[in-house]
Amino acid sequence: MAVVGFAKLEALFRKAAGLDIDKNKAKVITDIVEKKLYDLLLIGERNAKYNGRDVIWECDVPLTKGFLETIQKFKELEEVLELKDILDFLATQPPLKYPLEAELENKLPEIVGALLFILARIIKEIDENCKQPSVEDIERAGRILDLTM
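Residues numbered from 1 in each chain as written. Predicted model: local features only at pLDDT ≥ 70, side-chain atom pairs only at ≥ 80, totals over all residues. Heavy atoms only, no water.

Draft legend 1. Up close: helix α3 (residues 65-76). The end-to-end C-alpha distance of α3, which contains twelve residues, comes to 17 Å, matching closely the 16 Å that a straight helix rising 1.5 Å per residue would cover. Listing the buried residues of α3 in full gives Phe-67, Thr-70, Ile-71 and Phe-74. Angularly, the buried residues of α3 cover 110 degrees about the axis, an arc narrow enough to put them on a single face. For α3, the exposed residues lying more than 90 degrees away from the buried face are Lys-65 and Glu-76. Its buried side turned inward, α3 meets α1 (6-17), α2 (23-50) and α5 (102-126). Positive phi shows up at Glu-78, right after α3, with a value of about 60 degrees. (Helix = DSSP H or I, 4+ residues; strand = E, 2+ residues; numbered from the N terminus. Expected span 1.5 Å × (residues − 1). Buried < 20%, exposed > 50% of the residue type's maximum accessible area, 1.4 Å probe, protein only. Arc of directions from axis to C-beta. Contact = heavy atoms within 4.5 Å.)

Draft legend 2. Structural detail: the nonpolar core. If you look at the biggest cluster of nonpolar residues, it comprises 49 residues, and the most contacted ones within it are Phe-13, Leu-37, Phe-67, Ile-111 and Leu-116. Sorting the residues of this core by element identifies α1, α2, α3, α4 (83-91), α5 and α6 (135-148) as the ones contributing at least two each. Beyond its immediate chain neighbours, meaning those up to four positions away, Phe-67 contacts Leu-40, Ile-111, Ala-114, Leu-115, Ile-118 and Met-149. (Core = buried A, V, L, I, M, F, W, Y, C linked by side-chain atoms within 4.5 Å.)

Draft legend 3. Representation of the packing of α2 against α6. The N-to-C vectors of α2 and α6 enclose an angle of 5 degrees; their axes lie 9 Å apart at closest approach. Between α2 and α6, the angle is such that the two are roughly parallel. Taking contact as the criterion, the partners of Lys-25, Val-28, Ile-29, Ile-32, Lys-35, Lys-36 and Asp-39 in α2 are, on α6, Val-135, Ile-138, Glu-139, Gly-142, Leu-145 and Asp-146. Its residues assigned to classes, the contact of α2 with α6 comprises six nonpolar, one polar and six charged. (Axes fitted to C-alpha atoms, helices over the stretch in contact; angles between N-to-C directions. Parallel < 35°, antiparallel > 145°, perpendicular 65-115°, else oblique. Nonpolar A, V, L, I, M, F, W, Y, C, P; charged D, E, K, R; others polar.)

Listed below in structure tokens is the structure:
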């Protein structure tokens with residue numbers, strides 16, 4: 001199960017960056033975002049342990065000022081992602097040692113939305129004339145995301 005369905009992904013990429021994607025590219029996009037979400041939660045787990053807690057709090061997840069601003073931009077798009085889809089995805093991953101606090105769990109759709117928004121904007125920054133990104137464009141943006149987060 002993907003963290004976001006194709007219709008939502010398509011609408012979000014169009015609104016965030018004016019990009020049109022097709023179904024065969026959606027898997028590449030969701031794979032990148034799912035990996036990055038899990039990476040963020042792994043670092044959150046490390047930070048929770050460092051702070052002597054056995055629950056991952058929102059403040060444990062390394063969300064930068066720019067990321068928090070992107071969450072706001074995502075909210076302005078008025079696209080709602082389903083928490084259930086994200087939790088279903090996380091259930092397929094190696095379990096985290098610590099559970100997520102309820103507040104953090106409820107923010108997961110906004111975090112995933114921001115990751116999608118960032119990925120779309122990176123693609124657009126690489127080529128401002130891009131309308132239909134190639135798999136290579138998406139993978140390049142994913143590599144940039146890995147370098148910066």
